[in-house]
Amino acid sequence: MPQQLYLGGNLIIMVAYMAIMVAIVVPVNRAGQLRTNKLAVATAMIFFSCAVGHGLHALMTIRGADHGHSSPSWLWVTAIWDAVTAMIGIYYWTLRRSYAVLLGPGAIYVDPWGQHRLDEASAREQAAVNEAANQQAILATVVDHIDDAIIGLSPAGTVTAWNRGAEKLFGLPARETLGVPVSVLDRPDELLDRIRSGATALHDETDWVREDGATIRIAVDIAPICDAAGALIGASVVARNITAAMEAAEQQRTMAERSHQAQRMESLGKLAGGVAHDFNNILAIIQNYTEFAAEMCDDKPEVRADLAHVTTAAERATNLTRQLLTFTRGDTVQPQDMDLNPAVAEVEAMLARTIGEDITLIAVPSARPIFVHADPGQIHQVLLNLAINARDAMPDGGTLVLEVNTATLGGDELDMQPPLPAGVYARILVSDTGEGIPPDVAERIFEPFFTTKPHGKGTGLGLATVYGIVAEAGGGINLYSEQGIGTTFRIYLPLVPDGAAPHTPAARITPADGAGRTVLVVEDEPALAHVVTRILAAGGYRVVAANNGPEALDAFDKQKCDVLLTDVIMPEMSGPRLVELLHERRPELPVLYMSGYSNGLLGTTHILDDDIAFIEKPFTGQDLLLKLGQVLLPVSSEA
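Trainee: I'm lost on the overall build of the protein chain in this one. Help?
Mentor: Tallying secondary structure elements over the protein chain gives 18 helices and 18 strands in all. Within the protein chain, contacts between residues at least 6 apart in sequence are counted, and of these 65% link residues at least 24 apart. Of the roughly 35600 Å² of accessible surface on the protein chain, a fraction of 58% belongs to carbon and sulfur atoms.

Shown next, in the form of structure tokens:
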């Protein structure tokens with residue numbers, strides 16, 4: 001019975017060890033690690049060796065039962081196999097020691113190369129985690145130090161993040177804002193409701209009053225924050241101060257408007273110059289034919305009186321043309337000694353037709369002529385600008401007074417712009433009973449582009465132009481205003497010295513006789529060319545007329561001429577170009593230019609040089625003969 005138990009035990013252990021060996025070898029073989037996973041193979045060898053040993057013991061038991069005792073040879077076999085098993089065990093424990101494999105679950109199947117790869121994967125994973133942590137820390141630092149305010153909100157509107165930019169922008173520290181409902185947004189509940197309803201991005205602008213009392217404009221961008229599953233977990237708010245950007249944009253828009261306005265004024269100036277040229281040609285014809293008719297009506301005083309009215313109207317039209325050029329900056333300044341009384345009378349007559357029936361216009365001239373040295377057109381512009389401003393200040397009607405007199409200044413007036421030295425000055429007063437000017441506006445009233453009128457109603461150049469004209473004439477301007485009572489502008493201009501006696505009519509100078517000298521007249525306006533021919537013929541000149549440059553060149557080759565009288569602007573060939581070609585033939589030929597454009601305008605556009613002989617249309621017959629005589633005088637002296 002004991003032998004049977006011993007035999008059964010060995011057989012059971014042998015089967016168990018063999019099963020364990022198969023359980024080890026099969027997965028290792030499937031993993032392709034029979035050659036590389038030495039530790040697993042050594043373990044399987046141990047169980048195989050033990051299974052074989054127990055099988056030998058069982059076999060010895062069976063043999064002993066048959067023969068009554070165990071054979072010594074089988075004892076040596078089992079002893080040797082036990083030695084082999086011991087050697088395999090030693091090899092196994094050596095492997096375990098060298099690879100330091102723990103006895104954890106499944107560790108017996110991990111080979112060193114697999115463990116190495118696992119370690120590398122673990123290291124890469126840890127490095128990625130560390131890199132992500134570093135990037136997150138860098139991002140947090142950037143967000144914290146960015147100038148824009150970055151705010152985190154919970155879905156309910158509680159502040160969860162508040163960077164330094166938010167502290168700087170709103171003036172609120174993070175400790176006072178974190179964990180409390182957001183208070184820096186305009187309509188936060190409405191914005192968050194839209195975010196919760198699925199809005200992906202919102203933009204809003206609001207005003208924020210800082211602790212120092214300054215109001216700034218803030219642009220706000222709000223976006224939802226969702227988790228990996230797409231559920232809303234909060235909202236991000238980016239706010240920035242756009243006050244400076246808005247001011248810069250407004251300044252750029254203002255500069256663009258000024259540039260467009262300057263371009264429009266330049267275009268208007270060119271148009272006015274063209275109109276003035278054609279109009280002056282017509283006026284020259286009217287004036288000179290009127291003069292011709294008056295010379296033939298010595299015995300008809302009534303007709304001469306009527307023609308005198310025509311001449312006066314033509315002179316007024318000439319002055320209006322010059323004013324048009326002055327208003328549009330199409331002409332240069334042409335100062336002269338002028339009486340202020342007629343200037344005020346002309347402006348009064350002009351305003352009486354346009355200023356409105358609800359405004360009473362009063363002109364108070366000086367008892368005697370008051371002469372100043374200024375450009376008449378600019379003085380008209382000053383009076384008209386001030387009168388128009390006064391009219392705008394009296395929307396319900398009132399009284400406008402234009403007054404001329406003299407005043408003595410002590411030289412220490414504080415409210416004079418620019419300051420003037422002591423002395424006696426001509427004074428023009430423009431007073432109204434309008435709304436008055438507030439003190440803060442009065443301080444800036446003469447600044448360029450400063451206006452209190454609605455957008456599109458004023459350019460801000462009117463009073464700045466007044467100031468510039470007065471200062472250029474050597475004068476000053478004073479403003480006095482009381483709100484609800486009215487405003488008075490006082491303009492002071494230097495008087496012409498008494499020795500000049502500008503009000504004394506100059507003696508009439510008789511032009512020199514033409515003495516049969518030949519004048520080549522080039523004028524593309526036939527009626528005006530006929531007028532010029534008639535004037536020159538009456539002055540003793542012989543006239544050769546041409547309508548344009550090519551005709552003038554042909555006429556010059558056929559007829560000897562003593563002087564050239566040519567229009568400046570003509571079709572086909574300009575006057576200066578014609579002169580160049582004629583001077584190639586005869587360099588000493590005297591030239592007198594004429595044009596409906598002013599000499600100042602032609603000079604600024606570089607059409608004519610400053611030192612040329614020039615007569616501006618419209619001109620009288622005496623003006624033309626005198627100017628032509630001046631041109632021919634140097635030639636006569638040399639002869």
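Trainee: Explain the nonpolar core here, please?
Mentor: Generally speaking, a soluble globular protein has its nonpolar side chains buried in company with each other. Of all hydrophobic cores here, the largest spans 39 residues; its most connected members are Leu340, Ile379, Leu386, Leu400, Phe489 and Ile491. Elements with a minimum of two residues in this core: helix 10 (340-352), strand 8 (371-374), helix 11 (376-392), strand 9 (398-409), strand 11 (423-432), helix 13 (462-472), strand 12 (476-482) and strand 13 (486-494). Here the element with the most residues in this core is helix 11; it accounts for seven residues. Phe489 has contacts with Leu386, Ile428, Leu429, Val430, Ile437, Phe446, Leu463, Ile477, Asn478 and Leu479, leaving out every residue within four places of it along the chain. Phe170, Leu191, Trp208 and Ala235 belong to the second-largest nonpolar core, a separate cluster that totals 25 residues.

Trainee: Looking at this structure, I do not really get the sheet that holds strand 7 (residues 359-364). What am I missing?
Mentor: Strand pairs in the sheet, formed through backbone hydrogen bonds, run parallel or antiparallel to each other. Judged by pairing direction, the sheet is mixed, and its six strands sit side by side in the order 7-9-11-13-12-10 without closing on themselves. A single partner strand is all that each edge strand has here, and the edge strands are strand 7 and strand 10 (416-417). Both strand 11 and strand 13 contribute to a ladder of eight bridges, which runs antiparallel. Counterpart to Val430 in the pairing with strand 13 is Phe489.

Trainee: What's the story with the sheet that holds strand 14 (residues 518-522) in this structure? I'm lost.
Mentor: Spatial ordering of the open sheet is given by 15-14-16-17-18, a layout of five strands whose pairing is parallel. Edge positions in the sheet fall to strand 15 (542-546) and strand 18 (614-616), since each has one partner strand and no second. Strand after strand, the sheet turns through a mean of 20° between neighbouring axes, direction not considered. Alignment of strand 14 against strand 15, held across five bridges, turns out to be parallel. Directly across from Thr518, in strand 15, lies its bridge partner Arg542.

Trainee: What exactly am I supposed to notice about the packing of helix 15 (residues 549-558) against helix 16 (residues 575-585) here?
Mentor: Think of two packed helices as two axes; the pair is described by the angle between the axes and how far apart they sit. Running from N to C, helix 15 and helix 16 point in directions that differ by 20°, and their axes come no closer than 10 Å. In terms of orientation, helix 15 and helix 16 fall into the roughly parallel class. The handedness of the crossing between helix 15 and helix 16 is right-handed. Together, Gly549, Ala552, Leu553, Phe556 and Asp557 of helix 15 and Leu578, Leu581, Leu582 and Arg585 of helix 16 make up the contact between the two elements.

About the cut-offs
- Residues numbered from 1 in each chain as written.
- Predicted model: local features only at pLDDT ≥ 70, side-chain atom pairs only at ≥ 80, totals over all residues.
- Heavy atoms only, no water.
- Helix = DSSP H or I, 4+ residues; strand = E, 2+ residues; numbered from the N terminus.
- Contact = heavy atoms within 4.5 Å.
- Areas by Shrake-Rupley, 256 points an atom, 1.4 Å probe, with all protein chains shown as cover.
- Core = buried A, V, L, I, M, F, W, Y, C linked by side-chain atoms within 4.5 Å.
- Buried < 20%, exposed > 50% of the residue type's maximum accessible area, 1.4 Å probe, protein only.
- Pairing = 2+ DSSP bridges.
- Axes fitted to C-alpha atoms, helices over the stretch in contact; angles between N-to-C directions.
- Parallel < 35°, antiparallel > 145°, perpendicular 65-115°, else oblique.
- Left-handed = near helix turned anticlockwise from the far one by under 90°.

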